[in-house]
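# Structure assessment
If you want the building blocks of each chain, they are given just below.
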Amino acid sequence: MTMRKTILLLRHAKSAWDSPRLTDHDRPLNRRGEQAAQTMADHVASHAPRPDLILCSTATRTRQTLAPLVGVLGSPTPPISLEKGLYLASEEELLERLQALSEEVCTVLLIGHNDGIGQIAAALAARGPEEALARLRDKYPTGALAVLRPAPGPWSDLAPGVCELLAFVRPRDVDSR
């Protein structure tokens with residue numbers, strides 16, 4: 001029996017805009033973002049399938065969103081691939097990256113940026129809870145996580161409209177529980 005695949009799409013947490021000398025790539029999380037990153041790390045560790053692979057943009061804010069997750073996932077840490085190509089990647093670029101995954105990967109966590117992360121989540125999600133689909137399509141806020149289940153088949157077959165949205169969780173959803 002083959003394992004069902006899962007895609008976790010996490011947008012980086014809230015970043016700081018108060019240092020004009022920093023490039024966009026180098027902007028860190030602000031205090032609220034640090035708290036949200038920890039909240040979402042705890043949520044992923046306790047409510048989502050454990051990733052076999054973590055793909056993360058090289059931007060400071062995505063790496064800082066990843067850091068608390070590494071702490072709560074424990075050992076052994078899943079392989080982490082920091083990829084410059086994920087920085088501000090488009091929907092098409094993110095789809096191509098997911099299609100190129102090894103078949104040994106069952107669950108992938110991709111940490112990236114909007115607009116691409118929200119667009120790929122909305123494009124992939126064909127069905128799921130109506131309220132969650134509506135929230136995902138309306139706005140993909142910082143720190144939000146979409147959990148998607150693709151149709152059975154190889155990663156190379158991943159295409160728009162072939163996934164079920166299992167969950168769409170924003171940091172404020174977890175804080176209010």
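In this numbering scheme, every chain counts its residues from 1 along its sequence in written order. Since the coordinates come from a predicted model, pLDDT governs what is reported: local features require at least 70, and pairs of side-chain atoms require 80 or more to be given and counted, while whole-chain, interface and lining totals use all residues. The basis for the side-chain values is all heavy atoms of the structure; hydrogens and waters are excluded.

### Section: helix 1 (residues 31-47)
Between the first and last C-alpha of helix 1 there are 24 Å, a value that for 17 residues agrees with the 24 Å anticipated at 1.5 Å per step. Of the positions making up helix 1, those classed as buried are Gly33, Ala36, Ala37, Thr39, Met40, Ala41, His43 and Val44. Taking the backbone nitrogen of Arg32 as reference, a side-chain oxygen 3.1 Å away marks Asn30 as the first, capping residue of helix 1. Secondary structure elements follow DSSP: runs of H or I no shorter than four residues count as helices, runs of E no shorter than two count as strands, and numbering proceeds from the N terminus. Under the convention used throughout, the expected extent of a helix is 1.5 Å for every residue step, that is, one less than its residue count. Buried residues are those whose accessible area, probed at 1.4 Å on protein chains only, stays under 20% of the maximum for their type, while exposed residues exceed 50% and partly exposed ones sit between those limits. Side-chain atoms alone can form a polar contact between residues adjacent in sequence; in general such a contact is a pair of N or O atoms within 3.5 Å, and within protein one must be able to donate a hydrogen while the other accepts it.

### With respect to the environment of Pro51
Note on placement: Pro51 falls in the loop between helix 1 and strand 2 (53-57). In this structure Pro51 comes out as buried when scored by relative accessible area, which is 3%. Considered as a pair, Pro51 and Gly143 are 92 residues apart in the sequence and their alpha carbons are 17 Å apart. Only heavy atoms enter the contact rule, under which two residues are in contact if any of them lie within 4.5 Å. Excluding anything up to four places from it in sequence, Pro51 contacts Leu73, Pro78, Thr107 and Leu109.

### Digging into the sheet that holds strand 3 (residues 80-83)
Read across the open sheet, the seven strands follow the order 3-2-4-1-6-7-5; overall the sheet is mixed. One side of each edge strand has no neighbouring strand; the edge strands of this open sheet are strand 3 and strand 5 (125-127). Direction aside, neighbouring strands of the sheet carry axes that sit 25 degrees apart on average. For helices, the axis comes from a line fit to the C-alpha atoms of the stretch in contact; other axes are also lines fit to C-alpha atoms, and the angle between any two N-to-C directions lies between 0 and 180 degrees. Against the sheet, helix 3 (residues 91-99) touches strand 1 (6-11), strand 2, strand 3 and strand 4 (107-112), its axis set at about 155 degrees to strand 4. Here helix 5 (residues 130-138) sits on the sheet and contacts strand 5, strand 6 (145-150) and strand 7 (163-169); the angle it forms with strand 7, its principal contact strand, is near 75 degrees. Strand pairing is assigned whenever DSSP detects at least two bridges linking the two strands.

### A short note on the nonpolar core
The definition of a nonpolar core used throughout is a set of buried Ala, Val, Leu, Ile, Met, Phe, Trp, Tyr and Cys residues joined through side-chain atoms within 4.5 Å. Ranked by internal contacts, the top residues of the largest apolar core, which has 30 residues, are Ile7, Leu9, Leu124, Tyr140 and Leu165. Per-element tally for this core: the top contributor is helix 4 (residues 116-124), with four residues. Discounting chain neighbours no more than four positions away, the residues touching Tyr140 are Leu9, Leu10, Arg11, Asn114, Ile117, Gly118, Ala121, Leu145, Ala146 and Phe168. Membership of the second largest hydrophobic core comes to 17 residues, among which are Ile54, Cys56, Leu66 and Leu109.

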